[in-house]
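Residues per chain are reported as follows:
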Amino acid sequence: MILGDVCTRNCAYCAVAHGTPAPLEADEPQRLADAVAQMGLKHVVITSVDRDDLPNGGAEVFAPVSPRSAAASPRPQSKF
């Protein structure tokens, strides 16, 4: 799960913690790509919390995740 572990929403059906999330971690896309490569994953499912506290919802982290993960491992299939 990217963009942290605290969601800005409080959906009744979801078990993810809600509240005020920590600041974004700029190196998260690369850390995820490194984990994909280290584990040699062929399929990756990427989820995220909602970041309504950010003007763009965290797009600056979300956008580079797929290309970096794809470059890190031989042809992984990413699902968002």
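Let me sum up the structure you'll find in this document. Positions within a chain are numbered from 1, following the residues in the order the chain's sequence is written. Local features in this predicted model are restricted to residues whose pLDDT is 70 or higher, and side-chain atom pairs enter the listing and the counts only when it is 80 or higher, whereas totals over whole chains, interfaces and linings include all residues. Values reported for side chains reflect all heavy atoms of the structure, with hydrogen atoms and water molecules removed beforehand.

Attention now moves to the overall build of the protein chain. In this description a helix means any DSSP run of H or I spanning at least four residues, a strand means any run of E spanning at least two, and both kinds are numbered starting from the N terminus. A tally of regular secondary structure across the protein chain gives 2 helices and 4 strands. Secondary structure elements of the protein chain occur, N-terminal to C-terminal, as β-β-α-β-α-β. Only protein chains enter the accessibility calculation, which uses a 1.4 Å probe; a residue is then buried when its area is under 20% of its type maximum, exposed when over 50%, and partly exposed in between. Taking all 80 residues of the protein chain together, the buried fraction comes to 22%. Each accessible area is a Shrake-Rupley estimate made with a 1.4 Å probe; only the visible protein chains count as cover when residues are assessed. Summed over its atoms, the accessible surface of the protein chain is roughly 5,300 Å², and 55% of this surface lies on carbon and sulfur atoms.

Let's shift gears to the side chain of Arg51. Tracing the sequence through the fold places Arg51 in the loop between β3 (43-45) and α2 (59-72). Engagement of the side chain of Arg51 in a polar contact is seen with the backbone oxygen of Leu3, the distance being 3.1 Å. When residues no more than four places from it in sequence are discounted, the contact partners of Arg51 are Leu3, Val6, Thr8, Pro21, Ala22, Leu24 and Gly57. N or O atoms closer than or at 3.5 Å make up a polar contact, with two conditions inside protein: a donor-capable atom paired with an acceptor-capable one, and, for residues adjacent in sequence, both atoms drawn from side chains. Here, residues are in contact when the closest pair of their heavy atoms is within 4.5 Å.

Attention shifts here to the environment of Gly58. Its location among the elements puts Gly58 in the loop between β3 and α2. On the basis of relative accessible area, Gly58 is assigned to the buried category, the value being 0%. Each C-alpha atom of the pair Gly58 and Ser48 lies 9.6 Å from the other, and the pair is 10 residues apart in sequence. Setting aside residues up to four positions removed in sequence, Gly58 forms contacts with Leu3 and Leu24.

Without other data, these values stay purely geometric and don't point to any function.
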